There are 2 protein chains.
Amino acid sequence: MNTSRKPGGHAATTSAADREVVVALDVGGSGMKCALVRRDGTVTHTEHHLTGAARGPAAVIDTILDVAEALADTARREGLAPVALGLAVPGVIDEAQGVAIWSANIGFRDVPLRKLAAARLGMPAALGHDVRVGGLAEARLGAGRSARHVLFVAIGTGIAAAHVIDGAAAAGAHGAAGELGHVLVRPGGPRCGCGRDGCLEAVASASAVARRYAELASTAPDAPEASAAEVATRAAAGDPLAQQVWTDAVEALADGLATGQALFDVEAVVLGGGLARAGAQLLDPLRAALHDRMTFHREPRLVPAALGAEAGCLGAALLALDDLEKP
Amino acid sequence: MNTSRKPGGHAATTSAADREVVVALDVGGSGMKCALVRRDGTVTHTEHHLTGAARGPAAVIDTILDVAEALADTARREGLAPVALGLAVPGVIDEAQGVAIWSANIGFRDVPLRKLAAARLGMPAALGHDVRVGGLAEARLGAGRSARHVLFVAIGTGIAAAHVIDGAAAAGAHGAAGELGHVLVRPGGPRCGCGRDGCLEAVASASAVARRYAELASTAPDAPEASAAEVATRAAAGDPLAQQVWTDAVEALADGLATGQALFDVEAVVLGGGLARAGAQLLDPLRAALHDRMTFHREPRLVPAALGAEAGCLGAALLALDDLEKP
């Protein structure tokens, strides 16, 4: 940046910086979202690949490295200069060491992904947790960009959160912070995938909403199998079973968010993930239920995520750019 | 510190630094703990004063300033050089602005304590939240000193926590972070002072334990009024009502700590406050109950606080010293 102040050097330097991109991959259980991201957060290219998790973790690692290398080549062919790689994966991630410690849906166990990627691509790499980098992107570039203290909450198959202060997401001592889905909200309630009863995720995730509606509705003659989005739509249309399941989920989410606010005291809660696409059907009653629970707390703004499916790639790119700027 | 490297200057400089002390006050609802604290954390002098909260906030502010000024004079008479003032108060504290925003038991409302104290004493002042500075001290000098990620939990009349990462306590966007006492653990449970039902504080604080035991035992002929410590002792002696109340409190605390660990992912949980003085009667069953709740979590070490009643003064002093070192 300093060089841009040199007389006559401004245009050339800006142009070189404009050509710099980060290769970004957001690896999920079923698919990989991939992008080339400029320093200013502009996405110049996107791709989507299948993760193929059933092939086992070694094959997934090969695919990640192949796709990343091909993306870097694509960038170069387009006259861009790939300067770093940003990778986001789910599970327990040690961001400082660049190691995927544990990932249930991909099968990673202590995989030194950052080192592997840096060696393969010959450029600096950063490894982040999918929800934490999504939160990073929403906090810096998306719905939380005016706030210094943001809680990003992703509600999909599971529920997880990222607590972002001044643009940095807290990872915890072992890369496992932000597990809002495993906050106890209903003691003795539905069994959670983690093995405990009554976790928020067991009541209010998209899969829990669909499952609970199927359970309740199975006594009805037509035994419908509805997704969480369909449950929301049916609830809005007046289906009493759907209303019960949806209200239970909203109340449980409000309990979980109130617990989060008691501990984190943020300015803004940004809701992302599949269930958040229910929009006002979720946000309006959730905002009211959260408001009811605020006693001593300062009430946070509750807003929908703004970056959509690209948040993970943008966040992985931000993480890689942050690392480049470290002394 | 740099000057200590000058030839011949080492002894004199060290001696000057040795004479530097911070005037530290930890203001509670009933009493003020006061100390002179060296840069290395050594306490050279302690005092105790009554807060006199019933006199109203203006009188308490006067007392704080009078006591602080007298402590600075005491330091000078003893050949010490007071370099800063550290103040800890309960409630909602804006540490960045140095303002006590709200304190139920002292009656503070938007009191610019840092500015008032700095003007009166003619030296830099820092204002902190009592539990957060206690956590700061335990994390840096006490039971959490080997850990980078610490949750300090104070269990007394209420329950509050401080999340300390790398020696800094998270204050939140509005100075209200760490309210572990208001995490929901028993929906529909006992009414909390905050107005909600089933908060951790309503089941497991020292006052809740004493109150619940009194409620249960009031049907017995001798209707005992026991403190939480006495309930713990009676539980250990085989009193079934005391055992029930104590077990309920331990189970609720374990639920609250498991929620904290899911969100914060710390290495060590440091237990302080009056109830923690129950020692093994609390720690042993709580450690077992927390262990039972750890599924995906990394289990934190659960350890008793090490600094005792001086933690607040030490933390207030650390906060003031941190401010001195800021550029």
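Analysis parameters
- Residues numbered from 1 in each chain as written.
- Chains lettered and ligands numbered in written order.
- Predicted model: local features only at pLDDT ≥ 70, side-chain atom pairs only at ≥ 80, totals over all residues.
- Heavy atoms only, no water.
- UniProt positions renumbered as here; feature names shortened; annotations may be inferred.
- Helix = DSSP H or I, 4+ residues; strand = E, 2+ residues; numbered from the N terminus.
- Rg over C-alpha atoms; globule rule 2.2 N^0.38 Å.
- Buried < 20%, exposed > 50% of the residue type's maximum accessible area, 1.4 Å probe, protein only.
- Contact = heavy atoms within 4.5 Å.
- Areas by Shrake-Rupley, 256 points an atom, 1.4 Å probe, with all protein chains shown as cover.
- Lys, Arg positive; Asp, Glu negative; His and termini not counted.
- Charge placed at Lys NZ, Arg CZ, Asp CG, Glu CD.
- Phe/Tyr/Trp six-rings, centres within 6.5 Å; stacked < 30°, edge-to-face > 60°.
- Buried area = accessible area lost by both parts, 1.4 Å probe.
- Salt bridge = Lys/Arg side-chain N within 4 Å of Asp/Glu carboxyl O.
- Polar contact = N/O pair within 3.5 Å; in protein donor to acceptor, adjacent residues only side chain to side chain.
- Core = buried A, V, L, I, M, F, W, Y, C linked by side-chain atoms within 4.5 Å.
- Least-squares fit on C-alpha atoms with pLDDT ≥ 70 in both.
- Pairing = 2+ DSSP bridges.
- Axes fitted to C-alpha atoms, helices over the stretch in contact; angles between N-to-C directions.
- Parallel < 35°, antiparallel > 145°, perpendicular 65-115°, else oblique.
- Left-handed = near helix turned anticlockwise from the far one by under 90°.
- Nonpolar A, V, L, I, M, F, W, Y, C, P; charged D, E, K, R; others polar.

Per an unreviewed UniProt entry, chain A carries the name Glucokinase and comes from Salinispora arenicola. Taken directly from UniProt, the Sequence similarities (unreviewed entry) text for chain A runs: "Belongs to the ROK (NagC/XylR) family."

Secondary structure summary: chain A contains 10 helices and 13 strands in total. A compact globule built from 327 residues should have a C-alpha radius of gyration of about 20 Å, and chain A, at 21 Å, falls within 12% of that. Reported as C-alpha extents along the three principal axes, the dimensions of chain A are approximately 70 × 45 × 35 Å. For chain A, with 327 residues in total, the buried portion stands at 54%. At a minimum sequence separation of 6, the contacts of chain A that also span at least 24 residues come to 61%. Of the roughly 13200 Å² of accessible surface on chain A, a fraction of 53% belongs to carbon and sulfur atoms. Between the averaged position of the 29 positive side-chain charges in chain A and that of its 36 negative side-chain charges there is a distance of 5 Å.

In the structure shown here, the tally under the stated rule is 1 aromatic pair over all chains. Their ring planes at 85 degrees and their centres at 5.4 Å tell us that Phe264(A) and Phe264(B) sit as a pair that is edge-to-face. One end of the pair, Phe264(A), is in helix H8 (residues 240-264); the other, Phe264(B), is in helix H8 (residues 240-264), on a second chain.

This paragraph deals with the interface of chain A and chain B. Listed per partner, the contact involves 33 residues of chain A and 33 residues of chain B. Here chain A meets chain B over a buried area of about 3100 Å², counting both sides, of which 66% is carbon and sulfur. In terms of surface lost to chain B, no three residues of chain A exceed Arg196(A), Leu263(A) and Phe296(A), which account for 21% of the buried area on that side. Run the count over chain A and chain B and you get 2 salt bridges. Residue Asp255(A) is joined to Arg196(B) by a salt bridge in which the shortest nitrogen-to-oxygen separation is 3.2 Å. Where chain A touches chain B, the interface holds 18 residue pairs in polar contact (both at pLDDT 80 or more).

Quick look at the pattern of salt bridges now. Counting across every chain of the model gives 32 salt bridges over all chains. Linking Arg148(A) and Asp166(A) is a salt bridge whose minimum nitrogen-to-oxygen distance equals 2.6 Å. Of this pair, Arg148(A) sits in the loop between helix H4 (130-141) and strand S9 (149-155) while Asp166(A) sits in the loop between strand S10 (159-165) and strand S11 (168-169); the two residues are 18 residues apart in sequence, bridging distant segments of the chain. Between Arg293(B) and Glu251(B) there is a salt bridge whose closest N-O contact spans 2.7 Å. One end of the pair, Arg293(B), is in helix H9 (residues 280-293); the other, Glu251(B), is in helix H8, with 42 residues separating them in the sequence. Arg293(B) sits in the buried class, given a relative accessible area of 10%. For Glu251(B), a relative accessible area of 31% corresponds to the partly exposed category. Connected via shared salt-bridge partners are Arg186(A), Glu251(A), Asp255(A), Arg293(A) and Arg196(B).

Here the focus is the nonpolar core. The nonpolar side chains of soluble globular proteins are, as a tendency, buried together. Membership of the largest hydrophobic core comes to 88 residues, with the highest contact counts inside it found for Val153(A), Leu271(A), Leu286(A), Val153(B), Leu253(B), Leu271(B) and Leu286(B). Those residues in contact with Leu286(B) that sit more than four places away from it in its chain are Val250(B), Leu253(B), Ala254(B), Leu257(B), Leu271(B) and Leu302(B).

Looking at the element boundaries, Leu180(B) is found in the loop between strand S11 (168-169) and helix H5 (200-204). Remark: the alpha-carbon pair of Leu180(B) and Ile159(B), spanning 21 residues in sequence, is separated by 6.4 Å. The contacts of Leu180(B), once residues within four sequence positions are left out, are Leu263(A), Val153(B), Ile159(B), Ala160(B), Ala161(B), Leu200(B), Gly256(B) and Leu257(B).

Turning our attention to the relation of the copies chain A and chain B. The two chain copies are connected by a rotation around an axis plus a translation along it. Superposing chain A onto chain B takes a rotation of 180 degrees combined with a translation of 0.1 Å along the rotation axis, leaving an RMSD of 0.0 Å. Put plainly, the chains are arranged around a two-fold axis. No C-alpha of chain A lies nearer the rotation axis than that of Val185(A), which sits 3.4 Å from it. A shared interface surface links the copies, since 100% of the contact residues of chain A are contact residues in chain B too.

What follows is about the sheet that holds S11(B). All names here are of chain B. Strand order across the open sheet formed by 5 strands is S11-S10-S9-S12-S13, with mixed pairing between neighbours. The open sheet has two edge strands, S11 and strand S13 (301-304), and neither has a second partner. Bridge count for strand S9 (residues 149-155) against strand S10 (residues 159-165) is 7 bridges, and the pairing is antiparallel. Along S10, the bridge assignment pairs His-149 with Ile-165. Packed on one face of the sheet, H9 meets S9, strand S12 (268-272) and S13 and runs near 170 degrees to S13.

Looking now at the packing of helix H6 (residues 206-217) of chain A against helix H7 (residues 228-237) of chain A. Residue and element names in this part refer to chain A. Close contact between H6 and H7 brings their axes to 8 Å; oriented N to C, the two are set at 60 degrees. Taken together, the axes of H6 and H7 lie oblique to each other. The crossing of H6 and H7 is left-handed. Contacts between H6 and H7 involve Ala-206, Val-209, Ala-210 and Tyr-213 from the first element and Ala-228, Val-231 and Arg-234 from the second. Of the residues in the contact of H6 with H7, the class split is 6 nonpolar, no polar and 1 charged.

Another point: the sheet that holds strand S7 (residues 109-111) of chain A. Residue and element names in this part refer to chain A. Read from one edge of the open sheet, 3 strands run S5-S6-S7, paired in antiparallel fashion. Across the chains shown, the open sheet's two edge strands, defined by having one partner strand only, are strand S5 (92-94) and S7. Strand-to-strand twist of the sheet, defined as the mean angle between neighbouring strand axes without regard to direction, takes the value 15 degrees. In terms of strand pairing, strand S6 (residues 99-102) meets S7 through 2 bridges, oriented antiparallel. Considered in S7, the bridge of Ala-100 is made with Val-111.

Residue and element names in this part refer to chain A. Counting buried residues along strand S1 (residues 20-27), 7 of its 8 residues qualify, which places the element largely inside the surrounding structure. Inspection of the sheet shows S1 paired to strand S4 (residues 81-89) by 7 bridges, in the parallel sense. If you follow Asp-26 over to S4, its bridge partner there is Ala-88. Relative to strand S2 (residues 31-38), S1 is paired through 7 bridges, and the arrangement is antiparallel. Residue Val-21 lies in a different strand from S2, and its bridge partner there is Arg-38. What sits between the antiparallel neighbours S1 and S2 is a turn of 3 residues.

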